[in-house]
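# Structure assessment
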Amino acid sequence: MRKENCIFCKIANGEIPSKTLYEDRNFRVILDLGPATKGHALILPKEHAENLYDLPQESASEVMVLAQKMAATFVEKLHCDGLNLMQNNGEVAGQTVRHFHLHLIPRYVDDGQSINLKTGSPTQEELEAIRRTIVE
Ligand code: 5GP
Ligand code: ZN
């Protein structure tokens, strides 16, 4: 199903033009309009899903296989030195477009980008408490 007024539904289904790198029955891969690096791309499912929680399991599997194919293409064609996958769910996590998308961000030596999260240093007890909360 497509969602009215969803820009990525329109792009994925070709109603709004985009710089398309790849298209098949279920997905379109486009260049990001505001690239973090050269070749920064987005995998968009054609069916609307707001985020990872809503994405059908089959699409979730397919999207990673497609990411792997695109990764090989980027290495071959762009000679990137690395690749970040990024996928934001919810405003607090940085999601600005509420249609699932997986960022493919080719990385280059000296590209000037950094994806640095501030990291904590919990005790073993704190880690165990979190583990229990999640698994129990
Ligand atoms: P988010 O922050 O939701 O994970 O990422 C949204 C991404 O979509 C951003 O990197 C932004 O540059 C990109 N974007 C937003 N609108 C458009 C658009 O109309 N076309 C394209 N190609 N990219 C877009
Ligand atoms: Zn949509």
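Please refer to the structure placed before this passage.
An account of the accompanying structure is given in this report. (Residues numbered from 1 in each chain as written. Chains lettered and ligands numbered in written order. Predicted model: local features only at pLDDT ≥ 70, side-chain atom pairs only at ≥ 80, totals over all residues. Heavy atoms only, no water.)

## Quick word on the side chain of Lys-46
Inclusion rule: Helix and strand definitions follow DSSP, with helices as H or I runs of at least four residues and strands as E runs of at least two, each counted in order from the N terminus. We call two N or O atoms a polar contact when they sit within 3.5 Å, provided that within protein one can donate a hydrogen and the other can accept it, with sequence-adjacent residues counted only if both atoms are side-chain atoms. Any two residues having at least one pair of non-hydrogen atoms within 4.5 Å are treated as being in contact.
Counting through the fold element by element, Lys-46 comes out in the loop between β3 (41–45) and α2 (57–78). Within the structure, Lys-46 has its side chain in polar contact with the side chain of Glu-23 (distance 2.7 Å). Here the side chain of Lys-46 touches Asp-24 through a polar contact of 2.8 Å, landing on its backbone oxygen. With near-sequence residues (within four places) excluded, Lys-46 lies in contact with Arg-2, Ala-12, Asn-13, Glu-23, Asp-24, Arg-25, Asn-26 and Phe-27.

## Description of the site of ligand 1
Quick reminder of the rule: Think of it this way: one heavy atom of a residue within 4 Å of a molecule or strand is enough to make that residue near it. Each accessible area is a Shrake-Rupley result for a 1.4 Å probe, and residues are judged covered by the shown protein chains and nothing else. As a working rule, the residues Ala, Val, Leu, Ile, Met, Phe, Trp, Tyr, Cys and Pro are called nonpolar, Asp, Glu, Lys and Arg charged, and the rest polar, with Gly in that last group.
For ligand 1, the set of nearby residues contains 16 residues, the closest of which are Asp-32, Gly-94, Thr-96, His-101 and His-103. Taking Asp-32, its side chain carries an N or O atom lying 2.5 Å from an oxygen atom of ligand 1. One of the backbone N or O atoms of Leu-33 is found 3.3 Å from a nitrogen atom in ligand 1. Within the complex, 79% of the 520 Å² of free accessible area of ligand 1 lies under protein. Mapped onto the shell around ligand 1, the elements with two or more residues apiece are α1 (7–12) and β2 (27–31). In terms of residue count, the dominant contributor to the shell around ligand 1 is α1 (3 residues). Residues belonging to the shell around ligand 1 are distributed by class as follows: 8 nonpolar, 7 polar and 1 charged.

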